[in-house]
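Listed below, chain by chain, are the residues.
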Amino acid sequence: MFARHLNSWVASAILCCVAQANAQDHSPRTALAQMIPYTGLNVSLVASEPLVRQPVAIDFDDRGRLWVIQYLQYPNPEGLQRVQVDRYSRTKYDRIPDPPPFGPKGADRITILEDTNGDGIMDASHDFASGLNLATGFAFGHSGVFVLNVPYLLFYPDRNRDDVPDSNPEVLLSGFGMEDAHSVANSLMFGPDGWLYGCQGSTVSANIRGVEFQQGVWRYHPITKQFELFCEGGGNTWGLDFDSTGELLYSTNYGGHVLLHGVQGGYFVKSFTKHGQLHNPFAYGYFEHAAHENFQGGHVTVGGIVYQADDLSPHLRDKYIAGDLLGHGVNWHEILPTQSTVRTKHGGSLLTSNDSWFAPTDITMGPDGAVYISDWQDARTAHPDPDAQWDRSNGRIYRIASENWNGPQVDLARCSSVELLELQAHRNQWLVRRARQELVRRNELSLNSELIERVIHSVKSSEALESLWTLSSLNGLNTEHLTRLLKSPHTAVRKWAVRLLGDFVVRDSKALTDAIAHQLDEFAETEPSLEVRQQLACTAALLPAAQALPVINANINRDIDFADPRMPLLWWWAIEKHSVVGREEVLKRFVRPSIWKSQLGRHFLMPQLVRRYAAESSVEGLDSILRILHSAQDKVARDELWEPIQLGLADSIQINWKLQSSGNSNRSRLLLMQHALGEEIRKAWLADQENEQLVRLAVTITYEPALQSVRQIAFGPLAKESSRREAMLSLLGQIGDEPSISPALELIASDGSDPSKLAALGILAKSNELKVGLVLLATYMQVSNPSIHSRIREILFSRLEYSQLFLDAVEEKRIDLNAVPIDQVRLMTQLNDPALIARVTKLWGKLAPESPGEVLAEIRRLNNDLRAANGNAQAGQEVFKRHCMVCHQLHGLGRSVGPDLTTSNRQDRDFLLASLVAPSSHIRPEYISLILQTTDGRVRTGLTIVRDTVSIELAIFSENEVRKERIPISAIEQLKESEVSLMPAGIYKQFSPEELRDLFAFLQVSKASANTK
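Residues numbered from 1 in each chain as written. Predicted model: local features only at pLDDT ≥ 70, side-chain atom pairs only at ≥ 80, totals over all residues. Heavy atoms only, no water.

A. Seen up close, the sheet that holds strand 2 (residues 41-48). Taken in spatial order, the 4 strands make up an open sheet running 2-30-29-28, and their pairing is antiparallel. At either end of the open sheet lies a strand with only one pairing partner, and these are strand 2 and strand 28 (360-365). The mean angle between the axes of side-by-side strands here comes to 20°, regardless of whether they run parallel or antiparallel. (Pairing = 2+ DSSP bridges. Helix = DSSP H or I, 4+ residues; strand = E, 2+ residues; numbered from the N terminus. Axes fitted to C-alpha atoms, helices over the stretch in contact; angles between N-to-C directions.)

Printed below as a string of structure tokens:
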């Protein structure tokens, strides 16, 4: 815990230095004067301190008044005591607070701002709710206000619209995580379908009605009271919106990307180092962020909206507008369809602030079609120490509008229902959405017939779609309506008809009659649109197996989605939902000859299903595989199944190890050896001993003839230096083959090739015999290959006894201690043996982080060196190549093992110095290394490359080299995160003052300038 607090203190102290270095006049008038809006637009100040402070969420009500959450309680909830804090700032508290007004009264408030004289500037305010404790989102609807006040979703009724809640709030949902105030549930808004949607950030864990998740998008239906995790994964999301066809787009903090395209039931990339694998271990894949072209600014995108009005500029309609938190501006991006998903492209800057304190937290569109931006306005650009003094005095809201802007004049409550209905065709989406909510508030069911007619007969797709959404929001649809809409000429209407049918099934599993299910099957056989088929796949995961499988099978037989970047996984996720509970329905389709004629079925879905059944670790699962194996038409088809069986077996070992104990992890292997499928594997290997997958599978189930054959290839007298020999050595190392230890020792002591020796070292890595350590040490002192040196050090430093042997040799001057990289020396300290650590310290000195005072002193010293003269960027590029590009990338130069410096805060010299001098004071979550202790006593430290249901692949660094190693989950005894950055702490000490100036000059050049060097 001390190291964590120390790092936090250092980070906070460094941030204070940054704030002082960047201090300037940040009065509202000064800030506004230096802002530059997009061509043809104006920027104006709407509100500022003291009227509004720490704004985190803004929106307009149906009277055109601006509401704001003032997040004054951030970052610590009132009345709770911290029990534990980890390096991600995740905090455990002593209790779960009661909901307002019964729990601790925090400083957060929801405030209504008004412009009483019509000059466009808010001049009056009053609170709708106060005493809130970490309130981050709100939405108007159903005669009240929905509020996110973690851990609760609340509803404040205000039926008489007097801005005073009619009663204490109703608790709708409970269980949102509150471990980290900068990533709690947020961005509450109504979707077009009448559901309430919200985001969940990266460093908190929610558990809502038994659904546990961290990152993703969730939704709640105010009428039916249903809750759903809409999609899992993403970044530290703060902002979501829907485009003109109802597609969900949500923001991210992943550098190089601005958003994710969410789909129902989808699995998306997330911070696996923090949170582990996806909650479905059989997802076997996930979607990445939307690809982005020409990324600009910092890596945090917030408050994104799809601009759907014409008031700014027709050119900006349907563009994605989002805050660039670390770039201190607001950007707009093009959204470009790409098969079943989208990609984005940087379009330009909507607002350049020229103010390092400008920190956009939310963006919304007003009834006037202007864009409104809330500004946190603070010097800090990183997470604060929770105990630091916090400046809560600032906050601004700006408006970006056309030159002929007129203030909003609206009061939708005064509109007749017919007028509200006509607003569904308006070009300003704010009016469309608010009119819909007003109809819902009135429960205007008398319009249902008119709305149905519009959905069916509207020539314009947008009008038909908006009418459908209004019907859905009024809960005025039934399955017959939706089935009829499957014949709509409008693609988006057909897509939403499929989606809403799925919602009916979730509510009532018997909602679809056999007749409707048959119609859906026929529909799936002919539907031409890819976006509709995408929703069919999502909905198929919700239907009962007997209704879902005909829909899935229709698309397998059509075989038109195999090349799409998303569709294969979506169809797999639908099948996986039914693979066990609807086994017979699934197998009925996967033992037919037609499955082998479909690329989608044969080359993607079939391997996934076989892997899933192998992972099931049951007789039923192996029986299922055997049925599929026997349905294969020839040997080529059968051979395609061996690899997924192998992968599934590895999955099952992990699952058994995780749920039972490492001692039971062989259950799946034994089950397979005794099952008829095991005999099939043995016979297949005997008939084809050159088949690589069969060799691996036969060895995995410890079939002795196969093991003997592999040992012969690896060590026999006829063995040749070849890639096959190295592959067999690696295979023996993976399974920990004890009989291979002695020949492996002979091999590394021979005159064999270095690649073979490196492969043989993998076998020895799992041994704890003293003789192995002695041979490794002797080999180390005899060979000169740096890669072999590094690999042997890794093995020796992973065990206490071996480390002691190495230290003996260093103390006896047989090994030069200066030739041993400090980063590898540090591995020995992870063994947590006090006597060993004392010996290491005596030889190499203190390896612990420097004190805060030492860090700040170094930063000041280096700052003096940097101020002494200007650097040469071209010379600095050479310094970067020699020392930095092994891990970092800048403008495409280097490797992306560590953070991409292109999108970092490079113009902030203090930030760069802090990162260089104290790299462990703040490590971005995705670059925190893991320390693994295996069941056989070894220790491994490295950066996570891939973490899936089978294994963890690490990037292990040594002497400007990076080696990858995959470790089975079943072989991991303990796992923890390192508090030390992979970046060496003293790397800057080898730079002369001139080289340091040159390096900083190169780090701070723009892309255009860098390309001219």
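B. Focus on the pattern of salt bridges. Applying the stated rule across the entire model yields 50 salt bridges. We note a salt bridge from Arg 612 to Glu 576, for which the minimum N-O separation is 3.0 Å. Here the residue Arg 612 occupies a position in helix 15 (residues 599-615), and Glu 576 occupies one in helix 13 (residues 567-578), the gap between them amounting to 36 residues. Exposure class is identical for Arg 612 and Glu 576. Each is buried. (Salt bridge = Lys/Arg side-chain N within 4 Å of Asp/Glu carboxyl O. Buried < 20%, exposed > 50% of the residue type's maximum accessible area, 1.4 Å probe, protein only.)

C. Structural view of unusual backbone geometry. Here the amide bond leading from Glu 49 into Pro 50 is cis, since omega sits at 5°, within 30 degrees of zero. Here Pro 50 is to be found in the loop between strand 2 and strand 3 (55-60). If you check the backbone angles, Tyr 284 has positive phi at about 55° while not being a glycine. Mapping Tyr 284 onto the fold places it in the loop between helix 3 (272-275) and strand 23 (292-293). Positive phi, close to 55°, is recorded for Gln 339, a residue that is not glycine.

D. Quick look at the side chain of Ser 183. Tracing the backbone shows Ser 183 in the loop between strand 12 (170-174) and strand 13 (186-190). You can call Ser 183 buried: its relative accessible area is 0%. Looking at Ser 183, its side chain comes within polar contact range of the side chain of Thr 203, at 2.5 Å. (Polar contact = N/O pair within 3.5 Å; in protein donor to acceptor, adjacent residues only side chain to side chain.)

E. Highlighting the pairing of strand 14 (residues 196-200). Most of strand 14 sits out of view: 5 of its 5 residues are buried. Both faces of strand 14 are covered, namely the face carrying Leu 196, Gly 198 and Gln 200 and the face carrying Tyr 197 and Cys 199. One ladder, built from 3 bridges, connects strand 13 with strand 14; its direction is antiparallel. Note that in strand 14 the partner of Phe 190 across the bridge is Leu 196. Taking the residues that link successive antiparallel strands as the turn, the strand 13-strand 14 hairpin has 5 residues, and the phi of Gly 194 there is positive, at about 95°. Across 5 bridges, strand 14 lies against strand 17 (residues 216-220) in antiparallel orientation. Of the residues in strand 17, the one forming a bridge with Cys 199 is Val 217.

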